[in-house]
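Descriptive analysis of the structure
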Amino acid sequence: MAKTALVVGASGIVGSATAALLVEQGWTVHGLARRPTTQAGVQPVAADLQDAAATATALRDLDPDAVFITTWLRQDSEAENIRVNSTMVRNLLDGLPTPTRPRHVALVTGLKHYLGPFEAYGKGTLPQTPFREEQGRLDVENFYYAQEDEVFAAAARDGFTWSVHRPHTVIGLAVGNAMNMGTTLAAYATLCRETGRPFIFPGSATQWSGLTDMTDAGQLAQHLLWAAETETAHDEAFNVVNGDVFRWQWMWNRIAEWFGVRAAPFDGTVRPLEHEMADDARLWRDIAMREGLAEPDLNRLASPWHTDADLGRPIEVVTDMSKSRRLGFTGYQPTDDAFFALFQRLRANRLIP
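Attention in this report is confined to the structure presented alongside it. Quick caveat: nothing in here was measured; it's all calculated off a predicted structure.

1. Some thoughts on unusual backbone geometry
With an omega of 0 degrees, the peptide bond running from Thr-129 to Pro-130 counts as cis. Counting through the fold element by element, Pro-130 comes out in the loop between α4 (112-115) and α5 (143-158).

Below is the structure:
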């Protein structure tokens, strides 16, 4: 009998990749979102996780073997991030019927576990890199910690197993996503090509010259499925990245070459994309009309603030995956290939010209 999965945030970068992999592997997949999108093989479930009663109603007939939590809502403060996002996880797990068979719940968080929340991002005393799972929590309020605590409490109550997955910046396809570096850079490069502007690295000298890594959405989906199906991976937290390391001074030129734009020499000055792209919404709409693109609203494609946060970090960020490797996960994805595959998909879907 096919296993049944509930993918929470199925319309997002991670959720859509996870749902696609599960369908490919023969699972029966239910995809929950506030406004579900059409995805082959995925049965839509519409629910607002901030509404406990409506969530319970939407989930009353589901008894999934695995639940994959891949969603969050950005708020104006970390206190509000904690309140809203912990409530969403609690309403989800309270709303699901009590398991009648073994169930696994996987929660996707990220490297802010080690770097701190947006309000204190990359500041204060941070763990040494490469980040390792045993380094634990920072002494600061963080909505990732609050989400984890909701999962742990529900697992103790209902008897399911769990896993926590901490990717670096995720490369993948989704429109309207709040954390989307790949599509942001694709839109920025397109605008530079249109106007003849140089393709300027927006971040810090540390990020330009230091080592870093990233996480392809497909790699993360494989990791989520592996943890759900591997008993020794249950009740554990894991880092998950592509498996390669690179420097942005190399990757920036690779991306520029793909789009046929000129990469500006980096002089050490931070030039945030929020400033570089601040007046580009009308130009993007003109490009979209001329080229017949599917999304004329630049704000639904690009999230400059998030790309600036990642590329502006004052420390080198690399992530250790030894824990997963020791338990048998062997997935690997070259990061430049992940970017190029995304750009091809964006072009095929008429999201960039």
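2. Here we look at the sheet that holds strand β4 (residues 66-69)
Read from one edge of the open sheet, seven strands run β3-β2-β1-β4-β5-β6-β10, paired in parallel fashion. What marks the edges here is a single partner per strand, and that holds for β3 (42-46) and β10 (236-240). On average, each strand axis in the sheet is tilted by 20 degrees relative to the strand beside it, whichever way the strands run. Judged from the five bridges that link them, strand β5 (residues 104-108) and strand β6 (residues 161-167) form a sheet pairing that is parallel.

3. Structural notes on the packing of helix α9 (residues 248-259) against helix α14 (residues 335-348)
The geometry of α9 relative to α14 is characterised by a closest axis approach of 11 Å and an angle of 30 degrees between their N-to-C directions. Relative to α14, the element α9 is oriented roughly parallel. The element α9 and its partner α14 pack so that their crossing is right-handed. Across the interface between the two elements, Trp-248, Trp-250, Met-251, Arg-254, Ile-255, Trp-258 and Phe-259 from α9 touch Thr-335, Asp-336, Phe-339, Phe-340, Phe-343, Gln-344 and Arg-347 from α14. Here the contact of α9 with α14 is built from residues that sort into nine nonpolar, two polar and three charged.

4. Describing the nonpolar core
Across soluble globular proteins, nonpolar side chains show a tendency to be buried alongside one another. Grouped together as the largest cluster of nonpolar side chains are 43 residues, with contacts concentrated most on Phe-199, Trp-248, Trp-252, Ile-255, Phe-339 and Phe-343. When contributions to this core are tallied by element, the ones reaching two or more residues are α6 (181-195), α9, α11 (281-291) and α14. Here the element with the most residues in this core is α6; it accounts for eight residues. With near-sequence residues (within four places) excluded, Phe-343 lies in contact with Gly-182, Ala-186, Ile-255, Trp-258, Phe-259 and Ile-352. One finds Ala-5, Ala-66, Ala-106 and Val-240 within the second-largest nonpolar core, a separate group that totals 32 residues.

Rules used in this analysis
- Residues numbered from 1 in each chain as written.
- Predicted model: local features only at pLDDT ≥ 70, side-chain atom pairs only at ≥ 80, totals over all residues.
- Heavy atoms only, no water.
- Helix = DSSP H or I, 4+ residues; strand = E, 2+ residues; numbered from the N terminus.
- Pairing = 2+ DSSP bridges.
- Axes fitted to C-alpha atoms, helices over the stretch in contact; angles between N-to-C directions.
- Parallel < 35°, antiparallel > 145°, perpendicular 65-115°, else oblique.
- Left-handed = near helix turned anticlockwise from the far one by under 90°.
- Contact = heavy atoms within 4.5 Å.
- Nonpolar A, V, L, I, M, F, W, Y, C, P; charged D, E, K, R; others polar.
- Core = buried A, V, L, I, M, F, W, Y, C linked by side-chain atoms within 4.5 Å.
- Buried < 20%, exposed > 50% of the residue type's maximum accessible area, 1.4 Å probe, protein only.

These values are about where atoms sit, not about what they do.
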